[in-house]
Amino acid sequence: MTDLNDLVRPDRYPRSSRYDPAWLLDLDMGPNPLWLLEDLAGDLDLRPGMRILDLGSGKGATSVFLAREYGARVVAADLWIAPEDAAAVFAEAGVSDQVEAVRAEAHALPFEEESFDAIVSVDAFEYFGTADSYLPYLLRFLRPGGQLAVATPAMTQETRELGAIPSHIKDVVGWEAIAWHTAEWWRFQWAITELVDVTSARLQQDAWRDWLLWVQACAAHQPDGRDANQPVIDMLTTDGGEYLSFALVTARKK
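How each quantity is defined
- Residues numbered from 1 in each chain as written.
- Predicted model: local features only at pLDDT ≥ 70, side-chain atom pairs only at ≥ 80, totals over all residues.
- Heavy atoms only, no water.
- Pairing = 2+ DSSP bridges.
- Helix = DSSP H or I, 4+ residues; strand = E, 2+ residues; numbered from the N terminus.
- Axes fitted to C-alpha atoms, helices over the stretch in contact; angles between N-to-C directions.
- Contact = heavy atoms within 4.5 Å.
- Buried < 20%, exposed > 50% of the residue type's maximum accessible area, 1.4 Å probe, protein only.
- Arc of directions from axis to C-beta.
- Salt bridge = Lys/Arg side-chain N within 4 Å of Asp/Glu carboxyl O.
- Phe/Tyr/Trp six-rings, centres within 6.5 Å; stacked < 30°, edge-to-face > 60°.
- Lys NZ or Arg CZ within 6 Å of the ring centre and 35° of its normal.

Peer 1: Got a minute to help me understand the sheet that holds strand β6 (residues 196-203) in this structure?
Peer 2: Within a sheet, neighbouring strands are paired by backbone hydrogen bonds and run either parallel or antiparallel to one another. Strand order in the open sheet formed by seven strands is β3-β2-β1-β4-β5-β7-β6, with mixed pairing between adjacent strands. Of all strands in the sheet, those bounded by a partner on one side alone are β3 (99-103) and β6. Pairwise comparison of adjacent strand axes, ignoring direction, gives a mean angle of 15° for this sheet. Relative to strand β2 (residues 73-78), strand β1 (residues 51-55) is paired through five bridges, and the arrangement is parallel. Each bridged residue has a counterpart across the sheet, and for leucine 53 the counterpart in β2 is valine 75. Each of β5 (142-155), β6 and β7 (244-253) is contacted by helix α8 (residues 183-191), which is oriented at about 175° to β6, the strand it contacts most.

Peer 1: Please clarify how helix α4 (residues 83-93) should be interpreted in this entry.
Peer 2: An α-helix turns once every 3.6 residues. As a result, residues three or four positions apart point the same way. Of all the residues in α4, the buried ones are Ala86, Val89, Phe90 and Ala93. Buried positions in α4, seen along its axis, are confined to an arc of 95° and lie on one side of it. Turned more than 90 degrees off the buried face of α4, the exposed positions are Glu84 and Glu92. Structurally, α4 contributes buried residues whose contacts are with α1 (21-26), α3 (61-70), β2 and β3. Just downstream of α4, glycine 94 is the residue with a positive phi angle, here 75°.

Peer 1: Sorry if this is basic, but what is going on with the environment of proline 48 here?
Peer 2: Considering the arrangement of structural elements, one finds proline 48 in the loop between α2 (33-41) and β1. On the basis of relative accessibility, which here comes to 68%, the residue proline 48 falls in the exposed class. Sequence separation between proline 48 and alanine 72 is 24 residues, and the spatial gap between their C-alpha atoms is 5.2 Å. Excluding anything up to four places from it in sequence, proline 48 contacts Tyr70 and Gly71.

Peer 1: So what exactly am I meant to see when it comes to the pattern of salt bridges here?
Peer 2: It is possible for side chains of opposite charge to pair when their charged atoms get near one another. In total, this model carries 12 salt bridges according to the counting rule given. Linking arginine 202 and aspartate 43 is a salt bridge whose minimum nitrogen-to-oxygen distance equals 2.9 Å. With arginine 202 in strand β6 and aspartate 43 in the loop between α2 and β1, this residue pair connects regions lying 159 residues apart in the sequence. For arginine 202, a relative accessible area of 26% corresponds to the partly exposed category. Overall, aspartate 43 belongs to the partly exposed group, its relative accessible area being 28%. Between arginine 140 and glutamate 113 there is a salt bridge, with the nearest N and O atoms lying 3.6 Å from each other. Of this pair, arginine 140 sits in the loop between α5 (134-139) and β5 while glutamate 113 sits in the loop between β3 and β4 (116-122), and the two are 27 residues apart along the sequence. Each of Arg9, Arg12 and Asp210 takes part in a single network of salt bridges with overlapping partners.

Peer 1: What is the right way to look at the packing of aromatic side chains in this model?
Peer 2: Inspection of every chain in the model, using the stated rule, returns 17 aromatic pairs. A centroid spacing of 4.9 Å and a plane angle of 85° characterise the contact between tryptophan 185 and tryptophan 186, whose relative ring orientation is edge-to-face. By the ring-pair criterion, three or more aromatic residues cluster together here, those being Phe111, Phe116, Phe125, Phe128, Tyr134, Tyr137, Phe141, Trp185, Trp186 and Trp190. Against the face of tryptophan 35 rests arginine 9, its NZ or CZ located 4.8 Å from the ring centre.

Without other data, these values stay purely geometric and don't point to any function.
As structure tokens, this is what we get:
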């Protein structure tokens, strides 16, 4: 059984370790988003007062983190979470004056052009951002020189190169894994537009182990957690890091 204290890892994630793991599990919509964001932020230049779009913000943990840790003014945009529910999270966390919750579909964003200093997306971009036309669309909302940062499930090899989705992955997530690209795929996908300078594109170190630790904690501490998470545990254990990872990709708008 994974103890909640196993999710406190100050040696690797010092900022994230200041947050209550039980609080994070209550906001679960994917593998520990604060670990991903803290790692991703190491490739960014985030400063107090920046206006940041947290795209696919889920129940709000990443928006709280951006506001608290970097002094940002955050717009938390998500399609599936009601703004009033996210706003309650922000109020409890004491960041209501810094974070605004908005319901938004990623292909019809209700914002003024060039109105953000940075756009961040943690464990969401795979659902809406892989089309060739999406990056040019999204950049309309980013100021010149603004930063774009994405953490997204990844493969160590492209499915096209493998010729099929590995069976242990396909059995759990099906076609969804087609959108889990390599870091180099993302580098090329963004750089070829000549609209951004890609500043980093890498696989997170031991991402599959972090992912496994998270779902083991979910299985142990959430209602019906074992039934919901055992297939993912089995997938990650079988994979052992051979194919599954997370890509961390950052860029600046030209």
